[in-house]
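# What the coordinates show
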Amino acid sequence: MNAIPVPAGDEPIPISLVAHQAFCPRRAWLEVAGERTDTVQVAAGVTDHGGTDDAGTSRAARLRGVDVRSDRLGISGRCDTLEVGEGGALTVVEYKATPVRRKAEVTRPMRAQLALQGMALAEMGHRIAGHTVYFTQHRTRVDVSLSAEDLADTEALVAETRKTISSDTAPSPLEDDPRCTRCSHAAVCLPDERSLATVRRRIMAPNPDGQVLHLATPGSRRSLPPG
Ligand code: SF4
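Residues numbered from 1 in each chain as written. Predicted model: local features only at pLDDT ≥ 70, side-chain atom pairs only at ≥ 80, totals over all residues.

Another aspect to go through is the overall build of the protein chain. Each helix and strand in the protein chain was counted, giving 6 helices and 6 strands. When the helices and strands of the protein chain are listed from N to C terminus, the series reads β-α-α-α-β-β-β-α-β-β-α-α. Residues counted as buried form 27% of the 227 residues belonging to the protein chain. A separation threshold of at least 6 residues defines the contact pool for the protein chain, and within that pool the share at least 24 residues apart is 66%. (Helix = DSSP H or I, 4+ residues; strand = E, 2+ residues; numbered from the N terminus. Buried ≥ 20, exposed ≤ 12 C-beta atoms within 10 Å, placed from the backbone. Contact = placed C-beta atoms within 7 Å.)

Structure below.
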């Protein structure tokens, strides 16, 4: 894998790409390489975002689909929803379609995404009242308090993201890491296709409607036909 379309030096990095970097640098690289995936989780995310980032549904107290940019950090993105509070202070609300079988937990990528949106809005002259994640499948709202360490961590992530996507080669896959079992890019990343070693984590089928095939003969192998 090489020849990726690298953003020009001063071209802003998408905030979503920094969130990918926070999850796994290889995923950020694959995303820039155009390796998109079509998983149930991604489809749920798109569906659950319906209307939450549609600027046409904005109201005075609730702005939708607001584009943001920070020239200082070199990032740009779009906020799902901004709640307008007293004196015009904004609460940044991100919608996440975390499956109900997992906890409604604010992860490092989510914190980074909220932090960058807030910092960009502040640079654009807005006052920030808070940050929130709304878990659509849990119907749960979680307010997020961002510390100075979170902001510093996020700024470092932006620099790391630029370094990742400037590389001609993809970072190595994680090894036996639980993140791979819930990664939207596992089908193109193929984290288990590496030098022979015992894989200790559970392998998840990317298509939950598919059938599990058990190979009962010792030493037998099976592969998918090309295409
Ligand atoms: S499958 Fe694992 S190694 Fe590959 S991009 Fe996802 S988290 Fe990273």
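The subject of this paragraph is the site of the ligand. Inspection of the region around the ligand gives 13 residues, with Cys24, Pro173, Cys180, Cys183 and Cys189 positioned closest. Broken down by secondary-structure element, the contributors of at least two residues to the shell around the ligand are helix H2 (25–32) and helix H6 (186–189). In terms of residue count, H2 provides more of the shell around the ligand than any other element does, 3 residues in total. Per-class residue counts for the shell around the ligand are 9 nonpolar, 1 polar and 3 charged. (Near = placed C-beta within 6 Å. Nonpolar A, V, L, I, M, F, W, Y, C, P; charged D, E, K, R; others polar.)

Turning our eyes to something else, we now look at the pairing of strand E4 (residues 90–96). Burial runs high along E4: 5 of the 7 residues are buried. Inspection of the sheet shows strand E3 (residues 75–84) paired to E4 by 4 bridges, in the antiparallel sense. The residue bridging Leu82 from the neighbouring strand is Val92, located in E4. The turn joining E3 and E4, which pair antiparallel and follow one another in sequence, is formed by 5 residues; a positive phi near 70 degrees is taken by Gly87. Alignment of E4 against strand E5 (residues 128–135), held across 7 bridges, turns out to be parallel. Residue pairing for E5: Thr91 is matched across the bridge by Gly130. The parallel pair E4 and E5, bridged by helix H4 (residues 108–123), forms a crossover whose chirality is right-handed. (Pairing = 2+ DSSP bridges. Right-handed = clockwise from strand over helix to strand, strands pointing away.)

A separate point is H4. Here H4 is 16 residues long and its end C-alpha atoms lie 22 Å apart, about the 22 Å a rise of 1.5 Å per residue gives. Where burial is concerned, most of H4 is hidden: 12 out of the 16 residues are buried. Taken together, the buried positions of H4 are occupied by Met110, Arg111, Ala112, Gln113, Leu114, Ala115, Leu116, Gln117, Gly118, Met119, Ala120 and Leu121. At the C-terminal side of H4, Gly125 shows a positive phi close to 100 degrees. (Expected span 1.5 Å × (residues − 1).)

With that settled, the discussion passes to the pairing of strand E6 (residues 140–144). For E5 and E6, the ladder comprises 5 bridges, and the chain directions are antiparallel. Residue pairing for E6: Tyr134 is matched across the bridge by Arg141.

Mapped onto the fold, Leu63 is located in strand E2 (residues 62–70). As a C-alpha pair, Leu63 and Val84 span 21 residues in sequence and 7.5 Å in three-dimensional space.

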